Amino acid sequence: MRIARYTTDEDPTFGLVDGAGEKIAELAGDPLFTPISLTGNTVRVDEVRLLAPVIPRSKVIGIGKNYAEHAREMGGEAPAEPLMFLIPNTAVVGPDDPVVMPPQSSNVHYEGELAVVIGRMCKDLPVERVKDVIFGYTCADDVTARDLQRSDGQWSRAKGFDTFCPLGPWIETDLDTSGLSLVTRRDGEVVQDGTTADMIHDVAALISHASHAFTLLPGDVILTGTPAGVGPVEAGQRVEVEIEGIGTLGNPFVRRD
Ligand code: MG
């Protein structure tokens, strides 16, 4: 299933997106917490505003340097264990929402990533049970103020600004993530062309690892790291993250200073 969250200027609603990505069948309630139940209403995707498919109630967990080529372009080797950081849920925005580049940074980068949405509370989960707690997958842009990431020495501010965690366009619940194409475009130019097959720690290893530190709750999101090719974005440009089997997340970047 593809589960979208959207609005027609009323309260956010969830729905099932058809295979062509054109129509949405409305759901009663939030499918993270209530059984799938159709209301019988349908809308067209181009008639609604898609929202972030999930607003994490507790946390977004980021993973640093999970692709060897990206670790090298950042000037180091990948760490032996997954390197985790936290992003506040106030950073999450949806498809086509503007990413607002803050005046504190003059070097804002895109990072296209596969995001995992947790469906069940879990703790100390063995790798072989991870599939039981995954609700689905979506695209993410782990937007980073690269200059502040370096000068701060840790990453909370650099990756945690409001609007720095676009998610979408929807959640795909049935997906084999072992070898998905991941392409990032900046104003149409391909700037990252990777595959999830190049992750150092795969999805199951990352979720298990995170659960040994944090209790994971329904709606928590884990960003699985970015392939090589990160780079700067200027105000007025648009970044798209396309992942095979999910779809394309696109966001304009703006400055309001
Ligand atoms: Mg990242």
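Residues numbered from 1 in each chain as written. Predicted model: local features only at pLDDT ≥ 70, side-chain atom pairs only at ≥ 80, totals over all residues. Heavy atoms only, no water.

Observations regarding the overall build of the protein
Move 1: Secondary structure summary: the protein contains 4 helices and 20 strands in total.
Move 2: Since a compact globule built from 257 residues should have a radius of gyration of about 18 Å, the 17 Å found for the protein is in line with a globular shape.
Move 3: Projected onto its principal axes, the C-alpha coordinates of the protein cover approximately 55 × 45 × 30 Å.
Move 4: Partitioning the intrachain contacts of the protein with sequence separation of at least 6 by distance along the chain shows that 71% fall at a separation of at least 24. (Helix = DSSP H or I, 4+ residues; strand = E, 2+ residues; numbered from the N terminus. Rg over C-alpha atoms; globule rule 2.2 N^0.38 Å. Contact = heavy atoms within 4.5 Å.)

Digging into the domain arrangement of the protein
Move 1: The assigned domain composition of the protein is domain 1 (2-50) and domain 2 (60-255).
Move 2: Using only C-alpha atoms to locate each centre, domain 1 and domain 2 end up separated by 24 Å.
Move 3: If you look at the interface, domain 1 gives 10 residues, while domain 2 gives 13 residues.
Move 4: Carbon and sulfur atoms supply 65% of the area buried between domain 1 and domain 2, which totals about 980 Å² over both sides.
Move 5: If you sort the residues of domain 1 by the area they bury against domain 2, Arg-2, Leu-32 and Leu-50 come out on top, with a joint share of 57%.
Move 6: For the salt bridge of Glu-172 with Arg-2, the shortest nitrogen-to-oxygen distance reads 3.8 Å.
Move 7: At the surface where domain 1 touches domain 2, the tally comes to 2 residue pairs in polar contact (both at pLDDT 80 or more).
Move 8: Looking at the side of domain 1 that touches domain 2, the elements that each hand over two or more residues are strand S1 (2-7) and strand S5 (49-51).
Move 9: If one sorts the elements of the side of domain 1 that touches domain 2 by residue count, S1 sits on top with 3 residues. (Domains from an automatic or database assignment. Buried area = accessible area lost by both parts, 1.4 Å probe. Salt bridge = Lys/Arg side-chain N within 4 Å of Asp/Glu carboxyl O. Polar contact = N/O pair within 3.5 Å; in protein donor to acceptor, adjacent residues only side chain to side chain.)

Considering the coordination of the magnesium ion
Six octahedral donors around a metal ideally subtend angles of 90 or 180 degrees, whereas four tetrahedral donors ideally subtend 109.5 degrees.
Move 1: Protein-derived ligands of the magnesium ion are Glu-111 (OE), Glu-113 (OE) and Asp-142 (OD), with the metal-ligand distances lying across 2.0 to 2.1 Å.
Move 2: Expressed as a motif, the donor residue spacing for the magnesium ion is E-x1-E-x28-D. Remark: Asp-142 occurs in the loop between strand S12 (134-141) and strand S13 (144-145) and Glu-113 occurs in strand S11 (residues 112-118); sequence separation between them is 29 residues. For the pair formed by Glu-113 and Asp-142, the shared burial category is buried. (Donors = N, O, S within 2.8 Å, 3.2 Å for Na, K, Ca; no water. Buried < 20%, exposed > 50% of the residue type's maximum accessible area, 1.4 Å probe, protein only.)

Considerations on the sheet that holds S13
Pairing between the strands of a sheet comes from backbone hydrogen bonds, and it takes one of two forms, parallel or antiparallel.
Move 1: Reading across the sheet, the 3 strands line up as S13-S10-S18 and stay open at both edges, with antiparallel pairing between neighbours. The open sheet has two free edges, formed respectively by S13 and strand S18 (231-232), since each of these has just one partner strand.
Move 2: Examined bridge by bridge, strand S10 (residues 108-110) and S13 share 2 bridges and lie antiparallel to one another. Bridge assignment links His-109 to a residue of S13, and that residue is Thr-144. (Pairing = 2+ DSSP bridges.)

Digging into the pairing of strand S3 (residues 23-27)
Move 1: Bridge analysis of strand S2 (residues 13-17) against S3 gives 3 bridges, and the strand direction is antiparallel. Within S3, the residue paired with Val-17 across the bridge is Ile-24.
Move 2: What sits between S2 and S3 in their antiparallel hairpin is a turn of 5 residues, with Gly-21 showing a positive phi close to 75 degrees.
Move 3: Strand direction decides the pairing type here: S3 and strand S4 (residues 38-44), joined by 4 bridges, are antiparallel. Bridge pairing in S4 links Ile-24 to Val-43.

Observations regarding the state of the cysteines
Move 1: With the rule as written, the count across this model stands at 0 disulfides.
Move 2: Cys-139 takes part in no disulfide bond, and the closest cysteine sulfur, belonging to Cys-165, lies 12 Å away.
Move 3: For Cys-139, a relative accessible area of 0% puts it in the buried group. (Disulfide = S-S within 2.5 Å.)

Remarks on the sheet that holds strand S20 (residues 247-255)
Move 1: Read across the open sheet, the 5 strands follow the order S9-S20-S19-S15-S16; overall the sheet is mixed. Every interior strand has two partners, whereas the edge strands, strand S9 (99-101) and strand S16 (189-195), have only one. With direction set aside, neighbouring strand axes in the sheet form an average angle of 20 degrees.
Move 2: Relative to S16, strand S15 (residues 181-186) is paired through 6 bridges, and the arrangement is antiparallel. (Axes fitted to C-alpha atoms, helices over the stretch in contact; angles between N-to-C directions.)

Some remarks on the environment of Thr-138
Move 1: By secondary structure assignment, the location of Thr-138 is in strand S12.
Move 2: Look at Thr-138 and you get buried, because its relative accessible area is 0%.
Move 3: For Thr-138 and Leu-167, which are 29 residues apart along the polypeptide, the C-alpha to C-alpha distance reads 6.7 Å.

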